[in-house]
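Structure assessment
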Amino acid sequence: MSTDVKPRVRVPQTARKDEVVEIKTLLTHAMESGQRRDASGQLVPRKIINSFVCRYNGRTVFEAKFEPAIAANPALNFFVRCTESGKLDFAWTDDDGSLYTTTQAITVT
């Protein structure tokens, strides 16, 4: 994982059974669309985060596909119904195949 790409997530530590909670994510990433030219007129190669997935205890609960028009430092907010204690795994995939991941635990009472 590159040191300049830092996944950040905000997950409540606890939730009641069947409570719907908001999850917030932010990935620090420059996102190069592949349409910009450098000082010598050459196209700067495309390098974007092209997909995101969140799994709750191994089950996919949210996924997204990104296109070149996505802004730098992509942020996502989405909601998850909490059914059991466990972990939320987050994964962002870059054009070059790099995978950026983080995990957060949640306790359901």
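Shown above is the structure to which this text applies.
Here we summarise the structure given alongside this text. (Residues numbered from 1 in each chain as written. Predicted model: local features only at pLDDT ≥ 70, side-chain atom pairs only at ≥ 80, totals over all residues. Heavy atoms only, no water.)

For the structure on display, the rule yields seven salt bridges. Where E32 meets R36, a salt bridge forms, and the shortest distance between an N and an O atom there is 2.9 Å. What makes E32 buried here is its relative accessible area of 17%. Classification of R36 by relative accessible area gives partly exposed; the value is 45%. Among the charged side chains, a network of salt bridges with common partners joins K47, D94 and D96. (Salt bridge = Lys/Arg side-chain N within 4 Å of Asp/Glu carboxyl O. Buried < 20%, exposed > 50% of the residue type's maximum accessible area, 1.4 Å probe, protein only.)

Note: strands within a sheet are paired through backbone hydrogen bonds, in either parallel or antiparallel orientation. Strand order in the open sheet made by the three strands is β1-β3-β6, with antiparallel pairing throughout. Strands at the two margins of the open sheet, each flanked by one partner only, are β1 (6-10) and β6 (75-81). Neighbour-to-neighbour, the strand axes of this sheet turn through a mean angle of 20°, independent of strand direction. Inspection of the sheet shows strand β3 (residues 20-28) paired to β6 by seven bridges, in the antiparallel sense. Its bridge partner lying in β6, V21 is registered against V80. (Pairing = 2+ DSSP bridges. Helix = DSSP H or I, 4+ residues; strand = E, 2+ residues; numbered from the N terminus. Axes fitted to C-alpha atoms, helices over the stretch in contact; angles between N-to-C directions.)

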